[in-house]
Amino acid sequence: MKELYSTTMINNGGRSGTSYAEDQSLSLKIAPPGSKLANATNPEQLFAAGYSACFNSALDLIKRQKKLKNSSTIKVTVKLMEQATFDYVLAVDIEGHIEGLALEEAQELLELTHTVCPYSKATMGNINVIIKAV
């Protein structure tokens, strides 16, 4: 397997701390979900941001293969779920819109994208992911 890219983030303080890139290109204040701390984010938002960008890029690859130039928007909702006391998991909802395509055709492309996207491959079988064309 050929490595194409590698990056490192470091966190101090967990959900009430700071995460920053080893190369100092990014630094983020981290807060617990729902805390409303100004200029802060949380791990679920970061995961949703990464997943939506990765999924839309994978969709672009699929569209290129099918010679489609339709623009697309991907909305990823990451949910922090409590299965039992001290037993937490994530769940993900992916909504995708592909301009000019019927919902059935868009749904097929989104489901195909789910087999290609690296985030989808990482989560497959580990967390519940629902995909819906809108």
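Quick caveat, the model's predicted, so the values are computed rather than measured. (Residues numbered from 1 in each chain as written. Predicted model: local features only at pLDDT ≥ 70, side-chain atom pairs only at ≥ 80, totals over all residues. Heavy atoms only, no water.)

Draft legend 1. Structural detail: helix α1 (residues 43-65). Relative to the 33 Å expected for 23 residues at 1.5 Å per residue, α1 spans 33 Å between its end C-alpha atoms, a close match to the ideal helical length. Where α1 is buried, its residues touch β5 (72-84), β6 (87-98), α2 (103-114), α3 (118-123) and β7 (128-133). At the exit of α1 stands K67, carrying a positive phi of roughly 60 degrees. (Helix = DSSP H or I, 4+ residues; strand = E, 2+ residues; numbered from the N terminus. Expected span 1.5 Å × (residues − 1). Contact = heavy atoms within 4.5 Å.)

Draft legend 2. Main features of the side chain of T123. Relative to the helices and strands, T123 is located in helix α3. By relative accessible area, T123 is classed as buried at 7%. In this view, T123 contacts F47, Y51 and V129; residues no more than four positions away in its chain are not counted. (Buried < 20%, exposed > 50% of the residue type's maximum accessible area, 1.4 Å probe, protein only.)

Draft legend 3. Quick look at the packing of aromatic side chains. Applying the stated criterion to the full structure yields four aromatic pairs. Look at F47 and Y51: their rings are 5.7 Å apart centre to centre, the planes differ by 70 degrees, and that puts the pair in the edge-to-face class. Remark: Y51 and F47 occur in helix α1; sequence separation between them is four residues, near one turn of the helix. (Phe/Tyr/Trp six-rings, centres within 6.5 Å; stacked < 30°, edge-to-face > 60°.)

Draft legend 4. Examining the environment of K79 more closely. With respect to the helices and strands, the residue K79 is situated in strand β5. When the C-alpha positions of K79 and E44 are compared, they lie 7.3 Å apart, and in sequence the two are 35 residues distant. If near-sequence neighbours (up to four positions away) are discounted, K79 is found in contact with V89, L90, A91 and D93. Side chain to side chain, K79 and D93 meet in a polar contact 2.8 Å long. (Polar contact = N/O pair within 3.5 Å; in protein donor to acceptor, adjacent residues only side chain to side chain.)

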